[in-house]
Amino acid sequence: MRKKPFVIDIHTHPAFFEPICENEADVEFRRKMLGLYKNGKAPLKHIYNQMDYAGIDRLVILPEDLTTNHGGTVVSNEEIKKLVEISPDRFIGFASVDPRRKDAEEVLEYAFMDLGLSGLKLHPSKQEFYPADKMLEPLYKLCIKYNKPVLFHAGLSWEPDALSKYSKPENFEEVAYNYPELRICLGHFGWPWVKETAAIMLKYTNVYADTGLLYFDNAREFFGHVFEKELGISWIDRSLRHQVMFGSNNPRFEQIRMLEALQGMEFRESTLELILGGNALRFLGMEGKENG
Amino acid sequence: MVKHEAFTLLTENYNEMINITKRVLEAVKASGIKEGLVAVITKHTTTGITVNECLECLESDIDLALKRLVPEDIPYCHARMLHTYGSTAGNPTGHIKSMLVGNSCMFPIIDGEVSLGGAQDIYFYEFDGPARRTINITVIGEN
């Protein structure tokens, strides 16, 4: 029997995971900041049930530091660390840092060195910066120093107070060009600018993209439209197969149905395995560590 | 006298039938009501409550019948971003199955016992799991 592929969801938001929802005011702040108005608290057993049903081995869980422009964190690096400690065999934790914080470098170095987090999440639209801004240089250099990837929000953001102009895929080219040793991911495939995302991925092999896009229709229909009509039907399978990662953007989008939709697409089986987990392992610098 | 109770389930599958008869009988006993009615009502719009015979063959047949009546792969309109939620709607089949099955059942309580027929069990139906679900049990009557 063929071995089940190792599946990583590279893009999830744990804002409503019960162990970090002790304070109701924090939960309400998260609902408002994320624009997820009806989400209730989720016991971890429910998260595990969803993962097990879908066959997902790991979730990459993302925080969001909005200290300077919104006065708080949606989920803090310490809360991410807490969740990873509860379930190290299910969760991979990323750090977030508001690049405008005076102590941004210290915060990030602490997250990598002391909290043991596995990468950096940045949200240009919500945190209001352009990715190639010089202010980001020290953070990118720290990521290179510690061999950690950066997952950027890219394209339209559904969050309130988050303008798309900061996150257009073309804004990331300069980062890819200036830091070829830095692995970066354009979240949501940079939708709606998916051709621009594909073009940058084609030229720069340090650029990845995730599949966290479900803005119209159901997952099967939308993935079909984006990946088989807006992009050439063979573009991913032939040319970008080592750079696309399964990411759901859960709980905004439907993790299980998105995964099923990907599994139903006309990719080579080996391409699908890369998208579901192989590429994420390389992006995370964890190749060969599926069981670790 | 009216007694309300609620309990929560963490379902494990997309579609799932869970026999909750024992839980309902316990709630009636705990209420102390001897003569009256018990109502079992789900709090959700992609789940159901119904009564049927607890046989695995029937469970399979009911699941199959609902899947044939409500296929997954037709172009439902309930597949779009919802501004009030900030997330995608993607569970039209759950809503339709919920409507077909119904959201509640009711039984008489006679001499302190729920008057179930010999082939009757109470089922909670999950149509959009895995999920966290809450079910209300309301007992109305006299001691």
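Residues numbered from 1 in each chain as written. Chains lettered and ligands numbered in written order. Predicted model: local features only at pLDDT ≥ 70, side-chain atom pairs only at ≥ 80, totals over all residues. Heavy atoms only, no water.

*Asks:* Teacher, can you tell me more about the sheet that holds strand β3 (residues 35-42) of chain B here?
*Replies:* In a beta sheet, neighbouring strands are held together by backbone hydrogen bonds and run either parallel or antiparallel to one another. All names here are of chain B. Taking strand neighbours across the sheet as the criterion, the 5 strands line up as β1-β10-β3-β7-β8 in an open arrangement whose pairing is antiparallel. Two strands close off the open sheet at either side, each with one partner strand: β1 (2-10) and β8 (113-114). Two strands pair when backbone bridges link them, and strand β7 (residues 104-110) and β8 are joined in this way by 2 bridges, in the antiparallel orientation. Looking at β8, one finds that I109 is bridged to V114. Where helix α1 (residues 21-31) meets the sheet, it contacts β1, β3, β7, β8 and β10 (132-142), and its direction lies at approximately 40 degrees from that of β10. (Pairing = 2+ DSSP bridges. Helix = DSSP H or I, 4+ residues; strand = E, 2+ residues; numbered from the N terminus. Contact = heavy atoms within 4.5 Å. Axes fitted to C-alpha atoms, helices over the stretch in contact; angles between N-to-C directions.)

*Asks:* Teacher, can you tell me more about the side chain of A:T211 here?
*Replies:* Residue and element names in this part refer to chain A. Along the polypeptide, T211 turns up in the loop between β10 (207-210) and α10 (219-230). Judged by its relative accessible area of 1%, T211 is buried. If sequence neighbours within four positions are ignored, T211 has contacts with F223, F227, V244, M245, F246, G247, M258 and L262. (Buried < 20%, exposed > 50% of the residue type's maximum accessible area, 1.4 Å probe, protein only.)

*Asks:* I'm lost on the pattern of salt bridges in this one. Help?
*Replies:* Close approach of charged atoms lets side chains of opposite charge pair. All names here are of chain A. The tally for this structure, following the rule as stated, stands at 24 salt bridges over all chains. A salt bridge links K145 to E109; the nearest nitrogen and oxygen atoms lie 3.3 Å apart. Highlighted residues: K145 in helix α7 (residues 137-145) and E109 in helix α5 (residues 104-113), separated in sequence by 36 residues. Relative accessible area serves as the criterion here: at 28%, E109 is assigned to the partly exposed category. One salt bridge in this structure joins D237 and R268, with 3.4 Å as the shortest N-O distance. Of this pair, D237 sits in helix α11 (residues 235-240) while R268 sits in the loop between α12 (255-263) and α13 (269-283), placing them 31 residues apart in sequence. One continuous salt-bridge network, built from bridges that share partners, spans E24, E28, R31 and K41. (Salt bridge = Lys/Arg side-chain N within 4 Å of Asp/Glu carboxyl O.)

*Asks:* Can you walk me through the interface of chain B and chain A in this structure?
*Replies:* Note on interface size: it is often stated as the accessible area lost on association of the parts. Across the boundary between the two partners, chain B contributes 23 residues, which contact 25 residues of chain A. Regarding the contact of chain B and chain A, the summed buried area is about 1900 Å², with carbon and sulfur atoms giving 54% of it. Ranking the residues of chain B by area buried against chain A places B:M81, B:T88 and B:P130 at the top, with a combined share of 28%. The interface formed by chain B and chain A contains 3 salt bridges. We note a salt bridge from B:R132 to A:E18, for which the minimum N-O separation is 3.5 Å. Seen at the junction of chain B and chain A, the total is 11 residue pairs in polar contact (both at pLDDT 80 or more). (Buried area = accessible area lost by both parts, 1.4 Å probe. Polar contact = N/O pair within 3.5 Å; in protein donor to acceptor, adjacent residues only side chain to side chain.)

*Asks:* Just checking my understanding: could you explain the sheet that holds strand β2 (residues 16-19) of chain B for this structure?
*Replies:* Residues and elements named next belong to chain B. Spatially, 3 strands are ordered β2-β9-β4 in an open sheet, and the strand pairing comes out antiparallel. Pairing within the sheet leaves two strands with one partner each, and these edge strands are β2 and β4 (47-52). If you compare each strand with its neighbour and ignore which way they point, the axes differ by 30 degrees on average. In terms of strand pairing, β4 meets strand β9 (residues 121-126) through 6 bridges, oriented antiparallel. Pairing of T47 across the sheet is with E126, part of β9. Sheet strands touched by helix α2 (residues 56-69): β2, β4 and β9. Its angle to β9, the strand with the most contacts, is close to 40 degrees.

*Asks:* I tried to follow the packing of α5(A) against α7(A) on my own but got confused; where do I start?
*Replies:* For any two helices packed against each other, the geometry is given by the interaxial angle and the distance between the axes. Residue and element names in this part refer to chain A. The N-to-C vectors of α5 and α7 enclose an angle of 20 degrees; their axes lie 10 Å apart at closest approach. It follows from the interaxial angle that α5 and α7 lie roughly parallel. Where α5 crosses over α7, the two elements pack in a sense that is right-handed. Touching A104, E105, L108, E109 and F112 of α5 are P138, L139, L142, C143 and K145, all from α7. When grouped by side-chain class, the residues that make up the contact of α5 with α7 number 7 nonpolar, no polar and 3 charged. (Parallel < 35°, antiparallel > 145°, perpendicular 65-115°, else oblique. Left-handed = near helix turned anticlockwise from the far one by under 90°. Nonpolar A, V, L, I, M, F, W, Y, C, P; charged D, E, K, R; others polar.)

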